[in-house]
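Structural characterization, general
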Amino acid sequence: MPATTLDPKTALVLVDLQKGITALPTVHPADGIVAKGAELAAAFRARGLPVVLVRVIGSAPGRTEIRHRSGEPPAGFADLRPELDRQDGDIVVTKHTWGAFHGTDLDLQLRRRGVTQVVLAGIATGMGVESTARAAHEHGYHVTVATDAVTDLDAEVHRVSVEKVLPRLGETDTTEAIIRLLG
């Protein structure tokens with residue numbers, strides 16, 4: 001469903017647009033996803049709306065069939081991409097799981113600001129973005145995803161998430177359409 005409206009108190013949440021993640025081979029070029037994220041961030045800041053920059057520095061414990069990377073990440077892995085133009089007023093969330101809500105103060109930060117809706121973008125569509133969308137939905141936020149500002153390492157995971165999962169959690173649309181809705 002195309003995005004129909006944005007609440008007056010909407011926050012942008014950019015997921016894992018950091019040097020280590022954007023260096024991975026993605027379905028859509030990461031530099032383009034970062035550029036769309038930067039475009040959204042500038043539009044939200046220009047309207048005095050919150051911008052949340054999420055970065056990951058670990059993974060949840062537990063056994064999985066697909067191995068997690070172990071050990072310390074390389075130097076600079078968690079550094080946010082400079083194109084995002086981090087500002088003093090931005091909220092920076094450091095997470096240790098796929099989603100940006102679990103084990104962080106993101107919900108508290110949003111509620112303190114009266115936020116009722118989140119716009120999501122970032123990497124990876126079927127991991128960090130989808131997990132954050134699910135939790136936002138469960139926390140009672142309206143959810144919108146900028147579908148041209150997300151990508152994944154796996155084309156099929158990306159497709160299923162964008163076409164099947166995310167529309168069940170909120171509305172989806174392009175960066176341009178979302179910026180138009182900001183007014």
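This text follows the structure it describes.
Below is a summary of the structure that appears in this document. (Residues numbered from 1 in each chain as written. Predicted model: local features only at pLDDT ≥ 70, side-chain atom pairs only at ≥ 80, totals over all residues. Heavy atoms only, no water.)

What follows concerns the pattern of salt bridges. In total, this model carries ten salt bridges according to the counting rule given. Arginine 81 serves as the salt-bridge partner of aspartate 31, at 2.8 Å between the closest nitrogen and oxygen. In this pair, aspartate 31 is assigned in helix H2 (residues 30-46) and arginine 81 in the loop between strand E2 (51-56) and strand E3 (91-95), connecting sequence segments 50 residues apart. Judged by its relative accessible area of 52%, aspartate 31 is exposed. Residue classification places arginine 81 among the buried positions, given a relative accessible area of 11%. One salt bridge connects glutamate 130 with arginine 134, and the closest N-O pair in it is separated by 2.8 Å. With a gap of four residues between them, glutamate 130 and arginine 134 both fall in helix H4 (residues 125-138), about one helical turn apart. Since its relative accessible area comes to 11%, glutamate 130 is described here as buried. Among the residues examined, arginine 134 registers a relative accessible area of 39% and is labelled partly exposed. Ionic contacts of the salt-bridge type, sharing partners, join the residues Asp31, Arg81 and Glu83 into one network. (Salt bridge = Lys/Arg side-chain N within 4 Å of Asp/Glu carboxyl O. Helix = DSSP H or I, 4+ residues; strand = E, 2+ residues; numbered from the N terminus. Buried < 20%, exposed > 50% of the residue type's maximum accessible area, 1.4 Å probe, protein only.)

So, on to the sheet that holds strand E5 (residues 142-151). Overall, parallel pairing links the six strands, which are arranged E3-E2-E1-E4-E5-E6 in an open sheet. Because the sheet does not close on itself, it has two edges, and the strands there are E3 and strand E6 (171-173). The average undirected angle you get between the axes of adjacent strands in this sheet is 25°. Here strand E1 (residues 10-15) pairs with E2 via four bridges, running parallel. Bridge assignment links valine 15 to a residue of E2, and that residue is valine 54. Sheet strands in contact with H4 are E1, E3, strand E4 (117-123) and E5, and its direction is about 170° off that of E4. (Pairing = 2+ DSSP bridges. Axes fitted to C-alpha atoms, helices over the stretch in contact; angles between N-to-C directions. Contact = heavy atoms within 4.5 Å.)

By secondary structure assignment, the location of threonine 125 is in helix H4. Considered as a pair, threonine 125 and threonine 151 are 26 residues apart in the sequence and their alpha carbons are 5.2 Å apart. Contact partners of threonine 125, with chain neighbours within four places excluded, come to Glu130, Val150, Thr151, Asp152, His158, Ser161, Val162 and Leu166.

All right, on to the pairing of E5 then. Moving residue by residue along a regular strand, the side chains alternate between the two faces of the sheet. The element E5 is extensively covered by neighbouring structure, given that seven of its ten residues are classed as buried. Note: E4 against E5, six bridges, orientation parallel. Directly across from valine 118, in E5, lies its bridge partner valine 143. Handedness of the crossover joining E4 and E5 through H4 is recorded here as right-handed. (Right-handed = clockwise from strand over helix to strand, strands pointing away.)

Counting 29 residues, the largest nonpolar core has Leu12, Leu14, Leu17, Leu40, Phe44, Leu84 and Ile123 as its most contacted members. At eight residues, H2 tops the list of elements feeding residues into this core. Val54, Ala100, Leu120 and Val150 belong to the second-largest nonpolar core, a separate cluster that totals 26 residues. (Core = buried A, V, L, I, M, F, W, Y, C linked by side-chain atoms within 4.5 Å.)

Shape is all these values report; function is a separate question.
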